[in-house]
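This is what each chain is made of:
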Amino acid sequence: MYKRQPFACAGLLAAFLLSPGLNLLLLGDETARSLGLNARACRFMTIVCAALLAAAAVSIGGLLSFLGLLAPHMARFLVGNDARWQVPLSALGGAILLLVCDTLARTLFAPYELPVGILLSFLGFLLIAGVAFGIGMVGNVNRWLSDLPDYTDANAYLVSEPTEIVDCNGNKIASFYTQNRKSITKDEVSPYVLQGTVDVEDERFYEHGGIDLWGIARAAVATLGGGHEGASTITQQLVRNTILQEEQFDSTIERKVREAYIAVKMEDMYSKDEILMMYLNTIYYGHGAYGIEAAAETYLSKSAADLTLSEAALLIGLPNSPSQYDPTVNPDLALSRRNKVLDNMLRLGHITQEEHDAAQAEPITLNVTEISGSGVDVYSQPYFVAYVKQLLEQEFSTDVLFKGGLTVKTTIDPTMQQVAENAVRQQLDTLSLDGLDMGMVVVDPKTGYIKCMVGGYDYNADENHVNHATAKRPVGSTFKAFTLATAIQNGMNPNVTLNCNSPLKAKGTTTEVQNYANHIYGN
């Protein structure tokens, strides 16, 4: 036994209390994953076990306390996720470490007075526990980084882009999308957006290499003080919203390590300006708008290049909590957030006091452009757009059509289209017959280009949206023009008189034909 039993008890008690404490703070999610429990259950069990074991012999408590520290690492290294072997293997490791502590205490600590001995025992345990923890974490980090997506592939950072349908003049007539987004370049966005985003989201963006250790420390201090401050850099947020999108809501050490690693690698592959624009084209601004251009068009019906300081600050503040700061729902919160953005820009010296005060004095003035939310927005020529969509679906997958960012140039002429629609409506209004509808297609005979298509009187009045221009119906008298043209081409005199009585039998046949309703038109 030790020369001073209190010294031995103190050393073992330190081991008993600190190892589950370290596990609780740093490895809670790992232990939970090893045992198949959720993090809350793991923490609860740790606390309960600590309370129960405190009443037992301190030496036994010190031995068992190592289970919390070593179980996740030992089990995975030796037996994977087989829970049957986790406890005995961890107990064995705990016993070995306890023997090491005992040997060190006997040889080094016994000669000292009680307070010094307790201190050295405490430091010795921390050293051993730190080594065990470090070895375990190295193994975990290697495992976490072993199955990363291919972050060197530029396509991995691409996001869903809408497909646009345009007429012959380049005017947009429809969009197909899963996310309302339009990617732009740096020269297509207001400088206020570029600077303000950095000032609010990551003010040391141009100084760090992907992760900001100073920012992490600052966020930790703010949390301890009862506040809240984000520590993720713009690069980390971009990684989270693109290449690690499926993991973005996992609050685990594993996800954070993977995210930080890729962020550092990404900084080696792209310039700061490229990363910033990728972020601005990716992030969600609420109200169905992804990217700064879609946000500007949605909330203000203008381009991101034309945003004023006040407008830019309003949009910059939204990604922090898009639903909470949505100006269409919570204008007061949106105003407060906008002013916080302006305060940051002033504090960092990127706008003057006069600019700051003038922008804060402006009220929030919105000009909202709503989207359908169906993934298909049609701005004109709905019958033709439906026809084009059917053709595209035969050539492309749904992912390509709705996420691939295609630009589909059509031959539809908006001027001819308007004339054709007016003619159809005028004729139907004149006839005024219930159930009567009409279709029309105008094709350039030299090229085969469809110049206009009218599928009916009103696309939205018919819930089935029947396109009478493409519906398969009998050609009827429409075919007479082609018959007459062929006859003239073959030399028939156009002034010849035809027998239009009904019914008639063709010479040499017994087939009888008749006009519609057997109407007699004479010769």
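Throughout this document, residue positions are counted from 1 along each chain, in the order its sequence is written. Local features in this predicted model are restricted to residues of pLDDT 70 or higher, and side-chain atom pairs are both shown and tallied only at a pLDDT of 80 or more, whereas totals for entire chains, interfaces and linings draw on every residue. Only hydrogens and water are removed before side-chain values are computed, so all heavy atoms of the structure are retained for them.

**Here we look at the overall build of the chain**
- Scanning the chain for helices and strands turns up 19 helices and 10 strands.
- Throughout, exposure labels follow a simple rule: accessible area from a 1.4 Å probe, protein chains only, divided by the maximum for the residue type, with under 20% read as buried, over 50% as exposed, and the rest as partly exposed. Burial statistics for the chain: of 523 residues in total, 37% are counted as buried.
- Should any heavy atoms of two residues lie within 4.5 Å, those residues are counted as being in contact. Taking all contacts inside the chain whose residues are at least 6 apart in sequence as the whole, residues at least 24 apart take part in 65%.
- As presented, the chain carries roughly 29,400 Å² of accessible surface, and 58% of it is formed by carbon and sulfur atoms. Here a helix means four or more residues in a row that DSSP labels H or I, a strand means two or more in a row labelled E, and each is numbered from the N terminus. Computed with the Shrake-Rupley method and a 1.4 Å probe, the accessible areas treat only the protein chains shown as cover for residues.

**Let's talk about the sheet that holds strand E6 (residues 407-409)**
- Strands are labelled as partners when DSSP assigns at least two bridges between them. Spatially, 4 strands are ordered E5-E2-E1-E6 in an open sheet, and the strand pairing comes out mixed. The sheet is open, and its two borders are formed by strand E5 (376-378) and E6, each paired with just one other strand. Taken pair by pair, the neighbouring strands of this sheet meet at an average axis angle of 15°, ignoring direction.
- Of the strand pairs in this sheet, strand E1 (residues 163-166) and E6 are connected by 3 bridges, and their pairing is parallel. Orientation is described by lines fitted to C-alpha atoms, with helices fitted over the stretch in contact, and by angles between N-to-C directions that extend from 0 to 180 degrees.

**Section: the packing of aromatic side chains**
- Only the six-membered ring of Trp is used, alongside the rings of Phe and Tyr, when aromatic pairs are assigned; centres must lie within 6.5 Å, and planes under 30 degrees apart are stacked while those over 60 apart are edge-to-face, with the rest tilted. On inspection of all chains with the given rule, the structure shows 7 aromatic pairs.
- A ring pair is formed by Tyr-284 and Tyr-290, whose centres lie 4.6 Å apart and whose planes are at 40°; its orientation type is tilted.
- Aromatic side chains Phe-384 and Tyr-387 sit 6.3 Å apart centroid to centroid with 40° between the ring planes, which places their arrangement in the tilted category. In this pair, Phe-384 and Tyr-387 are both assigned in helix H16 (residues 382-395), 3 residues apart and thus about one turn of the helix distant.
- The class for Tyr-387 is partly exposed, based on a relative accessible area of 23%.
- One cation-aromatic arrangement involves Lys-272 over Phe-205; the distance from NZ or CZ to the ring centre is 4.5 Å. Throughout this description, the term charge over a ring refers to an Arg CZ or Lys NZ atom that lies within 6 Å of the ring centre and within 35 degrees of the ring normal.

**Some remarks on the pattern of salt bridges**
- Each salt bridge in this description consists of a side-chain nitrogen of Lys or Arg and a carboxyl oxygen of Asp or Glu lying within 4 Å of one another. Taken as a whole and assessed by the stated rule, the structure comprises 13 salt bridges.
- Between Asp-212 and Arg-204 there is a salt bridge, with its nearest N and O atoms 2.8 Å apart.
- Relative accessible area serves as the criterion here: at 4%, Asp-212 is assigned to the buried category.
- One salt bridge connects Asp-399 with Lys-403, and the closest N-O pair in it is separated by 3.8 Å. Within this pair, Asp-399 and its partner Lys-403 are both found in helix H17 (residues 398-403), separated by 4 residues, close to a single helical turn.
- The network of salt bridges with shared partners includes Arg-204, Glu-207 and Asp-212.

**Examining the confidence of the model for the chain**
- Known as pLDDT, the predictor's per-residue confidence is scaled from 0 to 100. Mean pLDDT over the chain stands at 78; residues scoring 70 or higher make up 70%.
- Here helix H1 (residues 5-26) stands out as the element of the chain with the lowest mean pLDDT, 43, in contrast to helix H13 (residues 309-316), whose mean of 97 is the highest.
- Contacts for the low-pLDDT stretch residues 1-35, under 50 throughout, to residues beyond four places or in other chains number 84 contacts.
- The low-confidence segment residues 50-72, where pLDDT is below 50, has 47 contacts with residues more than four positions distant or belonging to other chains.

**A word on helix H18 (residues 414-431)**
- A rise of 1.5 Å per residue sets the reference length of H18, with its 18 residues, at 26 Å; its end C-alpha atoms lie 26 Å apart and thus fit the reference within 8%.
- Those residues of H18 lying buried are Gln-417, Ala-420, Glu-421, Val-424 and Leu-428. End-on view of H18: buried residues confined to an arc of 100°, all on one side of the axis. Across from the buried face of H18, at angles greater than 90 degrees, the exposed residues are Thr-415, Val-419, Gln-426 and Thr-430. Given the number of residues in a helix, its expected span is that number minus one, multiplied by 1.5 Å. When we speak of the arc, we mean the arc of directions from the helix axis to the C-beta atoms.

**Some remarks on a nonpolar patch on the surface**
- Exposure above 30% relative accessible area and no salt bridge define the residues that can form patches, which grow by joining like charges within 9 Å and nonpolar side chains of Val, Leu, Ile, Met, Phe, Trp and Tyr within 5 Å. On the surface, Leu-431, Leu-433 and Leu-436 cluster together into a nonpolar patch covering about 260 Å² of accessible area.
- According to the relative accessible area criterion, Leu-431 is partly exposed, its value standing at 38%.

**Here we look at the packing of helix H9 (residues 234-241) against helix H10 (residues 253-269)**
- Two elements in contact, H9 and H10, have axes whose closest approach is 9 Å; the angle formed by their N-to-C orientations is 115°. Judged by the inter-axis angle, H9 sits roughly perpendicular to H10. In terms of crossing hand, the pair formed by H9 and H10 is right-handed. Touching Thr-235, Gln-236, Leu-238, Val-239 and Arg-240 of H9 are Arg-255, Glu-259, Ala-260, Ile-262, Ala-263, Met-266 and Glu-267, all from H10.
- Taken together, the residues that form the contact of H9 with H10 break down as 6 nonpolar, 2 polar and 4 charged. In what follows, roughly perpendicular refers to angles from 65 to 115 degrees, roughly parallel to angles under 35, roughly antiparallel to angles over 145, and oblique to any angle outside these ranges. Note: crossing handedness is left-handed where the near helix turns anticlockwise from the far helix by less than a right angle, and right-handed where it turns clockwise. The nonpolar class holds Ala, Val, Leu, Ile, Met, Phe, Trp, Tyr, Cys and Pro. Asp, Glu, Lys and Arg form the charged class, and all remaining residues, Gly among them, are polar.

**Concerning the nonpolar core**
- Joining through side-chain atoms within 4.5 Å is the link that ties buried Ala, Val, Leu, Ile, Met, Phe, Trp, Tyr and Cys residues into a set, and such a set is a nonpolar core. In terms of nonpolar packing, the biggest core is built from 47 residues, with Tyr-157, Val-189, Ile-262, Leu-280, Ile-292, Leu-307 and Leu-315 touching the most fellow members.
- Going through the elements one at a time, helix H7 (191-201), H9, H10, helix H11 (272-282), helix H12 (292-300), H13 and helix H14 (331-347) are the ones with two or more residues in this core.
- If sequence neighbours within four positions are ignored, Leu-280 has contacts with Val-193, Leu-194, Thr-197, Tyr-285, Gly-291 and Ile-292.
- Counting 14 residues, the second-largest nonpolar core is a separate cluster that includes Ile-165, Ala-174, Val-388 and Met-453.

**Topic: the side chain of Arg-240**
- Examined against the element boundaries, Arg-240 turns out to sit in helix H9.
- Think of a polar contact as two N or O atoms within 3.5 Å of one another; within protein, one of them needs to be a possible hydrogen donor and the other a possible acceptor, and neighboring residues in sequence only count if both atoms come from side chains. Within the structure, the side chain of Arg-240 is placed 2.9 Å from the side chain of Glu-259, a separation counted as a polar contact.
- Residues within four places of Arg-240 in sequence aside, it is in contact with Ser-232, Gln-245, Gln-248, Arg-255 and Glu-259.

**Details of unusual backbone geometry**
- Cis geometry marks the peptide bond from Ser-502 to Pro-503; its omega dihedral reads 0°.
- Within the secondary structure, Pro-503 is located in the loop between helix H19 (480-489) and strand E9 (504-505).
- Positive phi, close to 55°, is recorded for His-287, a residue that is not glycine.
- Structurally, the position occupied by His-287 is in the loop between H11 and strand E4 (289-290).

**Examining the pairing of strand E8 (residues 450-454)**
- Among the 5 residues in E8, 5 count as buried, and that is most of the element.
- Strand direction decides the pairing type here: strand E7 (residues 440-443) and E8, joined by 4 bridges, are antiparallel. Within the sheet, the bridge partner assigned to Val-443 lies in E8 and is Ile-450.

**Some details on H11**
- Counting buried positions along H11 gives 9 out of 11 residues, so the element sits mostly inside the fold.
- Within H11 the residues assigned to the buried category are Lys-272, Ile-275, Leu-276, Met-277, Met-278, Tyr-279, Leu-280, Asn-281 and Thr-282.
- For H11, the elements touching its buried residues are strand E3 (180-181), H7, H9, H10, E4 and H12.

**So, the environment of Ala-312**
- Tracing the sequence through the fold places Ala-312 in helix H13.
- With 26 residues separating them in the primary sequence, Ala-312 and Arg-338 have C-alpha atoms 8.7 Å apart.

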